[in-house]
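# Secondary and tertiary structure notes
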Amino acid sequence: MIRKIGIALSIAGLSACTVGPDYRPPAALSDGSATLIETGNSPDITVAELPEKWWRLFDDPVLDRLVDKALRNNIDLRIAAANLQRSRALLAETGAGRLPVTTGSSSATRNRTAASSTSAGSSGPVTYDYFSVGFDASYEVDLFGGVSRSIEAARSDSQTAEAALDAARVAIAAETARTYMLVCSFAVQARVARETAELQEKTQDLTQRLLQGGRANRRDVDSATLLLEQTRAQIPAFEAERRASLYALAVLTGDPPAQADSEAAACDALPKTSTAIPVGDGRTLLARRPDIRAAERQLAGDVARIGVATAQLYPSISLLGGISLGANGTGDLGKSDSIGYSIGPLISWNFPFNNAARAKVRQSEAVADGALAEFDKVILTALQETEQALARLDGAIARERSLDKAVAASESAAHISRLRYDYGADNLFQLLDSEKDRASARAAAAAAGADRLAAQISLFKALGGGWQNAPDIQVKQVARD
């Protein structure tokens, strides 16, 4: 028996060999490839590092509270957190492959042998009891690193799930901020439309009085009414979109639509950042974005799975052992005659000409090649999204500034036209044209403010911040009896 144990231990000592490629992270991009060229095009952008909670740059307590609530209660985040828990449990299950598998058994039977099967001369059937207790153990020797590679793959999968949770946090923070901004922007656009309608209503009333006094005709009244009703028609659409955004915001924060946030509903001004927007540089961007980290960890897991498949080409050795006690009476259990044991290796081998096993290796290699291509794609997509967001934000800011100037000019022109009309220097159509221009300028400026906010949120999302030091997610569990 001692000799057999020594043979088994010598076999276990061979487990230093690990087949399959060792993972090496992909080479980093050159400095020129990771440079954000758009950062030098706008004075509203700075290369200072992005803060962890970028939404605080708007200095809006309601927004801060809503994003914090969404990061704790959002349903999609709960799903991602549950997936992470599952991946960690799978890692623990895979890690158990390094440990022996043990089983215990016990039995008590009453047996009767028929008379026809007993030895000659027996007077009848034989009845007897038999009691047994057993303990078996098996241990798979990780001779070629199949178990080690499986653990590597499972660990990478767990880290991929963790990065996916962080990526979900980025998306939820950005979507919550964007939806809150929509509530504010639709409220602003509705207010601008109401104010414009009030001014146009005064003109329409004036035209109606002039008609009654014989100084205007029906066409003048109809033209003023047309302009007024076109403006009024915009108000219910803006209000409907504002309410719809409130309902979406409630769901983002984990509440039913009926519990829409009252403080968010009271927003009637466009939030603005008081400083230039910090974006960092390309290298910090690539290090920060969790989708890049998820792609890199997925690649690492797929490389490890090549080793798992390769190990199937080599012998699999398990050490088996068991001890049992068996006797016809419980009092005899433990006596030397009741003790039995077995020990020895079990060897199985997919021989080298096993084409199915070799095909699995090629499949794993192809999956790893695809994961490397996907990683490269995620890198380029991250840079593309950030450059596009920077370019669009620069254009949105410039457009908003120009339209703000246009509003000031249209206000002045409408005021002058009103004075000239009162003194008889301009006719009604000139006054209506100036008021129409003012209404168009104010509506365009309000829409431009909303576009600027959307561009800012898109930039923050592309930068990939907001998941660091995120609050714990309230993961509900299924009731278990």
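Described below are features of the structure shown in this document.

Criteria and cut-off values
- Per chain, the residues get numbers from 1 upward, laid out in the order the sequence is written.
- Reporting of local features is limited, given that this is a predicted model, to residues whose pLDDT is at least 70; pairs of side-chain atoms are given and counted only at 80 or more, and all residues count toward the totals for whole chains, interfaces and linings.
- Note that water and hydrogens are dropped before the side-chain values are worked out from all heavy atoms of the structure.
- To qualify as a helix, a DSSP run of H or I must reach at least 4 residues; to qualify as a strand, a run of E must reach at least 2; elements of each kind are numbered from the N terminus.
- Centre distance within 6.5 Å is the pairing criterion for rings of Phe, Tyr and Trp, where only the six-membered ring of Trp is used; planes under 30 degrees apart are then read as stacked, over 60 as edge-to-face, and the remainder as tilted.
- Excluding any residue in a salt bridge, patches collect residues exceeding 30% relative accessible area, merging like charges within 9 Å and nonpolar Val, Leu, Ile, Met, Phe, Trp and Tyr side chains within 5 Å.
- A 1.4 Å probe and the Shrake-Rupley method give the accessible areas. Residues count as covered only by the protein chains that appear here.
- By salt bridge we mean one thing: a side-chain nitrogen of Lys or Arg within 4 Å of a carboxyl oxygen of Asp or Glu.
- Partly exposed describes any residue whose relative accessible area lies between the buried limit of under 20% and the exposed limit of over 50%, with all areas from a 1.4 Å probe on protein chains only and scaled to the type maximum.
- When DSSP locates at least two bridges between a pair of strands, those strands are taken to pair.
- For helices, the axis comes from a line fit to the C-alpha atoms of the stretch in contact; other axes are also lines fit to C-alpha atoms, and the angle between any two N-to-C directions lies between 0 and 180 degrees.

## Regarding the environment of Pro61
Tracing the backbone shows Pro61 in helix H2 (residues 61-73). Taking the C-alpha atoms as reference points, Pro61 and Glu263, separated by 202 residues in sequence, lie 10.0 Å from one another.

## A short note on the packing of aromatic side chains
For the structure shown, the criterion picks out four aromatic pairs. Ring centres of Trp54 and Phe460 lie 4.7 Å apart, and the angle between their planes is 10°; this geometry places the pair in the stacked category. Of this pair, Trp54 sits in the loop between strand E1 (45-46) and H2 while Phe460 sits in helix H10 (residues 428-463), and the two are 406 residues apart along the sequence. Site record: aromatic cluster; members linked through ring pairs are Trp54, Trp55, Phe58 and Phe460.

## Focus on a nonpolar patch on the surface
A surface patch of nonpolar side chains, about 480 Å² in accessible area, is lined by Phe135, Ile323, Ile339, Tyr341 and Ile343. At three residues, strand E6 (residues 339-348) tops the list of elements feeding residues into the nonpolar patch. Here Tyr341 lies in strand E6.

## Thoughts on unusual backbone geometry
Residue Asp59 is not a glycine yet carries a positive backbone phi of 50°. Among the secondary structure elements, Asp59 is positioned in the loop between E1 and H2. The class for Asp59 is exposed, based on a relative accessible area of 67%.

## Considerations on the sheet that holds E6
Spatially, four strands are ordered E2-E3-E5-E6 in an open sheet, and the strand pairing comes out antiparallel. In this open sheet, the two strands that pair with only one neighbour each are strand E2 (101-113) and E6. Neighbour-to-neighbour, the strand axes of the sheet open up by a mean angle of 20°, direction not taken into account. For strand E3 (residues 126-141) and strand E5 (residues 316-327), the ladder comprises 11 bridges, and the chain directions are antiparallel. Looking across to E5, one finds that Ala137 is bridged to Gly321.

Function cannot be inferred from these measures alone, as they are strictly geometric.
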